[in-house]
Amino acid sequence: MEENEYSGYWEPPRKRCCCARRGTQLVLVGLLSTAMWAGLLALLLLWHWETEKNLKQLGDSAIQNVSRVTKDLQNYQSNQLAQKSQAVRMSQNLQELQAEQKQMKAQDSELSQNLTELQEDLISVRSQNAELSQNLNRLQEDLVNIKSLGLNEKRAASDALEKLQGEVTKLWIEILMSKGTACNVCPKDWLHFQQKCYYFGKGSKQWIQARFTCSDLGGRLVSIHSQKEQDFLMQHSNKEDSWIGLQDLNMEGEFVWTDGSPLSYSNWNPGEPNNGGQGEDCVMMRGSGQWNDAFCRSYLEAWVCEQLATCELSAPFASVSPTGATPRSEP
Ligand code: MMA
Ligand code: CA
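Calculation rules
Residues numbered from 1 in each chain as written. Chains lettered and ligands numbered in written order. Predicted model: local features only at pLDDT ≥ 70, side-chain atom pairs only at ≥ 80, totals over all residues. Heavy atoms only, no water. Donors = N, O, S within 2.8 Å, 3.2 Å for Na, K, Ca; no water. Buried < 20%, exposed > 50% of the residue type's maximum accessible area, 1.4 Å probe, protein only. Core = buried A, V, L, I, M, F, W, Y, C linked by side-chain atoms within 4.5 Å. Helix = DSSP H or I, 4+ residues; strand = E, 2+ residues; numbered from the N terminus. Salt bridge = Lys/Arg side-chain N within 4 Å of Asp/Glu carboxyl O. Near = heavy atom within 4 Å. Polar contact = N/O pair within 3.5 Å; in protein donor to acceptor, adjacent residues only side chain to side chain. Disulfide = S-S within 2.5 Å.

Trainee: Looking at this model, I keep getting lost on the coordination of the calcium ion (ligand 2). Mind explaining?
Mentor: Reference values for angles at a metal are 109.5 degrees in the four-donor tetrahedral case and 90 or 180 degrees in the six-donor octahedral case. Those protein atoms acting as donors to the calcium ion (ligand 2) are Glu272 (OE), Asn274 (OD1), Glu280 (OE), Asn292 (OD1), Asp293 (O) and Asp293 (OD), and they sit at 2.2 to 2.5 Å. In the primary sequence, the donor residues of the calcium ion (ligand 2) line up as E-x1-N-x5-E-x11-N-D. Neither Asn292 nor Asp293 differs from the other in exposure class; each is buried.

Structural data, given as structure tokens:
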């Protein structure tokens with residue numbers, strides 16, 4: 001191909017050696033520019049890779065930060081909720097406290113009012129105290145009097161009742177005996193004589209102790225109404241001084257049997273009753289069998305009890321007297 005045709009415009013002809021050098025130069029330039037481009041590209045790639053790495057790190061740390069912040073936010077929100085509910089509770093408590101305070105104030109004023117009233121009462125009570133204790137003393141005296149009155153009345157009533165029961169029992173026994181019933185049943189260790197049973201007690205006793213012991217045994221201190229009865233007692237008394245149921249405790253010189261029966265028979269020792277010494281209101285039967293009024297608090301070694309014998313009834317009235325007394329076993 002012609003150079004003229006190729007360049008499109010006219011150029012003066014060149015030497016051959018110059019053309020070769022110029023080709024080499026071109027190649028070199030090309031190579032150089034290629035190398036430059038390659039270097040540039042490598043730099044770009046390096047920069048891109050580095051940037052991408054940095055971006056990735058940034059992204060990771062951002063994600064971490066976001067999750068941390070989210071967590072913190074959640075914590076903060078829950079804390080806030082808790083604080084809110086605590087605040088609500090506290091305000092409720094405050095209201096309750098205020099209400100209580102109000103109530104306490106009201107109570108306080110009421111209490112102080114009551115205290116004032118109590119103090120006034122105390123003053124009036126104190127002023128009444130002396131009067132009351134005086135009244136109390138008077139009442140106690142009255143009570144003692146009433147009690148003693150009551151006791152005396154009770155004793156009189158029970159004596160009368162005992163006497164009445166004895167009479168009814170005697171009548172009942174007489175009726176039964178008139179119909180042929182045997183009335184001679186006595187408890188163990190009691191001796192039978194006529195319509196009565198006798199217990200000869202041994203052991204040191206004052207008259208009143210002997211009386212209570214006879215009562216505990218279901219009987220009473222003996223009353224003596226005939227010489228035969230006196231003789232029977234003498235047979236069994238072992239010639240010892242023994243308490244019997246005669247006394248003049250209520251009225252000096254008026255001797256009565258403890259069962260209320262009249263003094264229809266007596267067997268006084270000559271010169272008795274003499275109410276000797278410090279006063280003698282209780283009667284003993286001496287070893288000789290004769291009676292003596294003696295000091296009631298003296299101790300005698302023997303005492304005699306009696307009770308009515310019970311009747312042998314066929315069933316269904318077996319061994320029952322109107323007093324309900326049934327034969328007793330060991331005294
Ligand atoms: C004692 C006493 C009296 C009794 C006389 C009789 C000294 O007193 O038993 O009751 O009357 O004796 O001498
Ligand atoms: Ca006497």
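Trainee: Would you take a moment to explain the nonpolar core for this structure?
Mentor: General note: in soluble globular proteins, nonpolar side chains tend to be found buried as a group. The biggest cluster of nonpolar side chains holds 18 residues, and the ones touching the most others in it are Trp190, Tyr199, Leu217, Leu221, Trp243, Trp303 and Cys305. At the level of secondary structure, the elements contributing two or more residues to this core comprise β2 (196–205), α3 (207–216), β6 (282–285) and β8 (300–308).

Trainee: I keep staring at the pattern of salt bridges and nothing clicks. Help me out?
Mentor: Counted by the stated rule, this structure contains five salt bridges. Arg220 is the salt-bridge partner of Asp259, the closest N and O atoms lying 3.9 Å from each other. In this pair, Asp259 is assigned in the loop between β5 (256–257) and β6 and Arg220 in strand β3 (residues 220–221), connecting sequence segments 39 residues apart. For Asp259, a relative accessible area of 13% corresponds to the buried category.

Trainee: How do you make sense of the site of ligand 1 when you look at a structure like this?
Mentor: Around ligand 1, the surrounding shell consists of Glu272, Asn274, Glu280, Arg286, Asn292 and Asp293. Glu272 places a polar side-chain atom, nitrogen or oxygen, 2.5 Å from an oxygen atom of ligand 1. Measuring from an oxygen atom of ligand 1, one finds a backbone N or O atom of Asp293 at 3.0 Å.

Trainee: Help me out: how do you make sense of the state of the cysteines in this one?
Mentor: Here the structure, examined in full by the defined rule, presents four disulfides. There is a disulfide in this structure between Cys214 and Cys305, and the S-S distance comes to 2.0 Å. Residues Cys214 and Cys305 share a disulfide whose torsion about the S-S bond is about -80°; that sign makes it left-handed. Residue Cys214 is found in helix α3, and its partner Cys305 is found in strand β8; the two are separated by 91 residues along the sequence. Accessibility expressed as a relative area gives 0% for Cys214, which makes it buried. In this model, Cys282 is linked to Cys296 through a disulfide, with the two sulfur atoms separated by 2.0 Å. The sign of the S-S torsion, about 95°, decides the handedness of the disulfide formed by Cys282 and Cys296: right-handed. A residue pair is termed long-range when its members are at least 10 positions apart, and Cys282 in strand β6 and Cys296 in the loop between β7 (291–294) and β8 qualify at 14 residues.

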